[in-house]
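In case you want the letters, here they are:
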Amino acid sequence: MRNAWAGLRARPGRAALTGAGIAAAALVLGVALTVAVGLATGFDRAATQADLPSVVARFDEEDPRDVADRVRRLPNLAAHSFRYEVTRVELRAGANRLGEGVVHVVGGGRRGYAVVAGRDVGDAAGEVVIEQGLAREWDLGPGDTLDVGEAGPAEVVGVAVAPDNVAFPLARTARVYLSEAGLLQQFPEGSRFPANLVLLWAADEERADVLLSFARQSAYGLSSVRFLTREGLRSLVEQASGIVVALLVAFAIIACALAGVLLAAGAHSEIQRRLAQLGVQRALGVTPGAVTAVAAAQGALVAAPAAAAGLLVGGLLAAGGTDAVLAALNELPPGPGARATVLAGAWGGVVALVAGSAAWPAWRAARRPPAGLLRGGDVSPPRKAARGRGGMTALGARLVTAHRARYAAVVAVLGMAAAVVLLLLALASLLERLRDDPATLGKRYSLTAALPADRADEVRALPGVAAAAPRYEQRATGASALGSPLRVIAYPGDHTIFEAPALAAGRRLAGPGEAEVGQGLADALGLRPGSTLAIQPGDGEELRFRVVGVVRALQDEGRVAYVRPDRLLAASPSLEAPLAVRLDDGADAAAVRAALARLGAEPRAVGGATGDDRGFLAVLAGLLRLVAVTVGLVCLYALVQSLALTVRERRGAVAVLRAAGADHRALRRLLFGAATAVVIPAAVVAVALEEVVLAPATARLAAGYADLPLGAGLGQAVAVSGALLGLAALASWEMARRLAREPVVTGLRETGR
Amino acid sequence: MDPRDASAPVLLASNLVKAHGTGRGARRILDGASLHARAGELVAIVGRSGSGKSTLLQILGGLDRPDDGWVEVAGERVTGASERRLSALRRHRIGFVFQFFHLLPELDGLANVLLPATLPGADRAAPARGMELVERLGLSDVAHLAPHQLSGGEQQRFALARALVADPPLILADEPIGNLDAASGQTVLRLLRDAADQGRAVVMVTHQAEATAVADRVLRLDDGRVTELQPGGGEPLETAHDAP
């Protein structure tokens, strides 16, 4: 260790350069790990901390005493608790006001939410616990006052997280919790509140399906029963972060590969440079083991502080964005201890990687005969010398390709990093299209009008309107798999005039009793053409449809069903439907909107699936931007490091060029040639990798139920290639500047030794 | 000034000082060294190992900067010049020949010779001159071989052709035959002599007696100062910095 330390002190500049490279790689790793681990484990962490129930059953108001007997007889039941949920309650705090408040009146027993600030509601009147999204959005905390509908002002005593839904304002509703005991003090005329929710905790979570099955059988007689399982909740919530997690995992792998290749290349180059010195050591009797140990110790000494700094900064940079996404999903971030453990593990890995990368070439070199080592080492002569056409740029390309294996590795790594950037760009444009362009979801109508169905003819008669029809929409759950939520969409006629997701199997529906189902729903319920789709609408009895087609719908993760409205209206006669308005090609949308307004409608532009989630999209986009910038830095680092290694190894060649009169312009051309020799094939690799591997894999991973257009466009490919060339120019400019400051004789002396 | 004017010195250096190391470990390699070389003259610099011969040559060629003193090549000041100006000076006025040849392994012999001709701002006649040099130096048959396929003598001849391709008025050679066998060494010395006879100033650092034999003047570097020896190695006749 003393020898290793002395070796580093003898060349502090070189050690600092190596350390900077390690710190950059570790920074990338820190960002990737922090985001990936945080998002991948967010739901489980929140579910565990909140003690999320295995099954949630909703039904019309009942006396809890009537339901309790049935619940107690359920097998595999560990605990249960009743709730009374009241929707559309007005919440007010200062200038903030929301008509979509949801009040949960909680009695005794387990809660199913985690109190993350303050305390839970007690038996006293006038206390409320609010969900974290509302607390953050309205800047409320324990001690503040919130007006809760008819219950009036209540003191906020705690802030809670329950991962059974995304947070306000990503969800349009905001949830608050009041205690039954407190409300009974406030409204003493009632003896007890009814219940319309029961939370069931399984004794054995692995066998929660048994509990669900018996619960369904026991629900006979209760009206409007719907079940939602913990797994169903997970699938709903995790879809939102699936793409980001998949991207970040891919990115983390690339970051590790990059760090490994570059660190190994740096170590190899350093050993090559010191071959003669190693030869002297070996001639003096130093064993190969001792030589290897010193190299490994030097690597570890440089890597330990550099990796710690890089991982720490990367972790801190990514923590804010990750926490914001988790908060929007109503999930909890890992604690400082968990994050530190992950980063500490990564630190150990990086230090081991660097030490190993330094030790391996040293071990190989030290086992060679000392006489060979004393002759020193340079780049192996090429099999065929070139004629020297192409000037400095071509010469630069020849210098960087002299080490074929490393050249291939750098091209591959840079190509992978650029492919991730391409994927991020494609994802960003997809998010924009999902947000702004309903056609991405297969929607062909662009406006809705709040008018009754019998006024559709008036709307159709407006100039610029191609078609108009009532669009019925209802949330439901699958009756055969009660944890599966879905959205039912119905048009009186041909729905493909207004919505036409691609048909994956079967045919289009032709009449009442038939249904086209999304691939996501088909996968969840095992449906195919010819199967029966049994659903339970929000407040109706079970409805059955024959599946005639499967469509690749993106909306609601493919958990949709297209039907004719007859059966829906029979079950729920009060179901309202705005008019979907499809415009003629090239029609003036503003003029149509004005005409609709004159008819007394409230025309609304149709967004994508995420039309109401602009805040969440902004957070997600911010996180993606952070990742993209980090990947861009990785590309720049890979280029600079690759050039630095080439220059370090070919110092003599560069010095001879300078002695022959090469000025900074010539050096820039030389290095630009070297850099372009790396970035041009890397750009080709990136485009091919994104198109053939990453985009299809990510699309499958994120949305196997739909055709997710994640392939990069020509413009994006050109932009990334241009950016790579720009980075090449930047890297070569910087390297040429550094090189020109170094005395020519330094390179000559080093080569001459 | 016409660099090929035999009466005018192509190279002038005065009172060069250069120290290596710092503090108590500092050592003056050059301590007031002065010399000159005229067109058509081959000057050999001798001195014991570590006396600073190579350092002096590098300072003369603008590859290193002195702590004090000045150097002029073909009437142009080297010391104090910007890196850009120094590059141009090396491109047009100075040719270097190194002990270890320093041919680029990726390029064949001819491409190594033509390397200075590919630099931005190079003389347009350089490529033709390079081809002619390869022929004149008897290297045509091996022009397309890689450096590692060449003998030491052939490599040094290619290196010499590379130094001459820009037709510079000054050639600086650092131990040009230090790595060659006797026969190859003689060939290279003859070529250097020819280069001087064609009107160039050639300054050669060497520790080999056969190299001093072809020189017009022999200078000795001792204790950081340059003194001129009589042909045959007698006592110094005059100190170089007394010369014009």
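Draft legend 1. Region of the structure containing the nonpolar core. Counting 61 residues, the largest nonpolar core has Met392(A), Leu395(A), Leu414(A), Leu639(A) and Val678(A) as the members making the most contacts within it. Contact partners of Leu395(A), with chain neighbours within four places excluded, come to Leu657(A), Leu670(A), Leu104(B), Leu107(B) and Leu115(B).

Draft legend 2. Quick peek at unusual backbone geometry. Residue and element names in this part refer to chain B. Here Asn15, not a glycine, exhibits a phi torsion of approximately 50°, which is positive. Mapped onto the elements, Asn15 comes out in strand β1 (residues 9–20). A relative accessible area of 41% means that Asn15 is categorised as partly exposed.

Draft legend 3. The sheet that holds strand β2 (residues 27–38) of chain B, seen in detail. Residues and elements named next belong to chain B. On the basis of which strands lie adjacent, the open sheet formed by four strands has the order β2-β1-β4-β5 and antiparallel pairing. Two strands bound the open sheet, and with one partner strand each, they are β2 and β5 (76–77). Pairing between strand β4 (residues 68–73) and β5: two bridges, direction antiparallel. Note on β5: the bridge partner recorded for Val73 is Glu76. Contacting β1, β2 and β4, helix α1 (residues 53–60) crosses the sheet at an angle of about 125° to β1.

Draft legend 4. Molecular detail of the side chain of Arg564(A). All names here are of chain A. Positionally, Arg564 belongs in the loop between β19 (560–563) and α16 (566–571). There is no salt bridge for the buried Arg564, and the closest opposite charge comes from Asp494, which lies 5.5 Å off by N-O distance. Of note is the side chain of Arg564, whose polar atom sits 3.0 Å from the backbone oxygen of Gly493. For Arg564, the residues in contact, after removing those within four places along its chain, are Ala490, Tyr491, Pro492, Gly493, Asp494, Leu509, Ala510, Gly511, Pro512 and Glu514.

Draft legend 5. Representation of the pairing of strand β6 (residues 94–97) of chain B within the structure. Residues and elements named next belong to chain B. Side chains of β6 alternate between two faces, with Ile94 and Phe96 and Gly95 and Val97 buried alike. Examined bridge by bridge, β6 and strand β7 (residues 170–174) share four bridges and lie parallel to one another. Paired with Gly95 across the two strands is Ile171, which belongs to β7.

Draft legend 6. Summary view of the interface of chain A and chain B. In this complex, chain A contributes 33 residues to the contact, which on the side of chain B involves 28 residues. Together, the buried faces of chain A and chain B total about 2800 Å²; carbon and sulfur atoms form 64% of this surface. Summed over the shared surface of chain A and chain B, the result is two salt bridges. Across the pair Glu83(B) and Arg658(A) runs a salt bridge, and its minimum N-O distance is 3.3 Å. Joining chain A to chain B, the criterion identifies four residue pairs in polar contact (both at pLDDT 80 or more). At the level of elements, α12 (391–400), α19 (651–659), α20 (664–703) and α22 (744–752) of chain A are the ones that each hand at least two residues to the side of chain A that touches chain B. If one sorts the elements of the side of chain A that touches chain B by residue count, α22(A) sits on top with six residues. Class assignment of the residues belonging to the side of chain A that touches chain B gives a composition of 19 nonpolar, six polar and eight charged.

Draft legend 7. Summary view of the sheet that holds strand β21 (residues 604–605) of chain A. Residues and elements named next belong to chain A. As summarised here, the arrangement of the four strands in space is β12-β20-β11-β21, forming an open sheet in which the pairing is antiparallel. Only two strands of the sheet have a single partner each, and these edge strands are β12 (465–470) and β21. Relative to strand β20 (residues 579–583), β12 runs antiparallel, the two being bridged by five bridges. Bridge assignment links Val465 to a residue of β20, and that residue is Leu583. Set on the sheet, helix α17 (residues 589–598) makes contact with β11 (447–449), β12, β20 and β21; between it and β11 the angle comes to about 5°.

Draft legend 8. Structural detail: the pairing of strand β1 (residues 55–62) of chain A. Residues and elements named next belong to chain A. As defined by bridge partners, β1 adjoins strand β10 (residues 226–229) across four bridges and the pair is classed as antiparallel. Across the sheet, Val55 pairs through a bridge with Thr229, a residue of β10. As defined by bridge partners, β1 adjoins strand β9 (residues 195–202) across five bridges and the pair is classed as antiparallel. Residue pairing across strands places Arg58 opposite Leu197, the latter belonging to β9.

Quick notes on the rules
- Residues numbered from 1 in each chain as written.
- Chains lettered and ligands numbered in written order.
- Predicted model: local features only at pLDDT ≥ 70, side-chain atom pairs only at ≥ 80, totals over all residues.
- Heavy atoms only, no water.
- Core = buried A, V, L, I, M, F, W, Y, C linked by side-chain atoms within 4.5 Å.
- Buried < 20%, exposed > 50% of the residue type's maximum accessible area, 1.4 Å probe, protein only.
- Contact = heavy atoms within 4.5 Å.
- Helix = DSSP H or I, 4+ residues; strand = E, 2+ residues; numbered from the N terminus.
- Pairing = 2+ DSSP bridges.
- Axes fitted to C-alpha atoms, helices over the stretch in contact; angles between N-to-C directions.
- Lys, Arg positive; Asp, Glu negative; His and termini not counted.
- Salt bridge = Lys/Arg side-chain N within 4 Å of Asp/Glu carboxyl O.
- Polar contact = N/O pair within 3.5 Å; in protein donor to acceptor, adjacent residues only side chain to side chain.
- Buried area = accessible area lost by both parts, 1.4 Å probe.
- Nonpolar A, V, L, I, M, F, W, Y, C, P; charged D, E, K, R; others polar.

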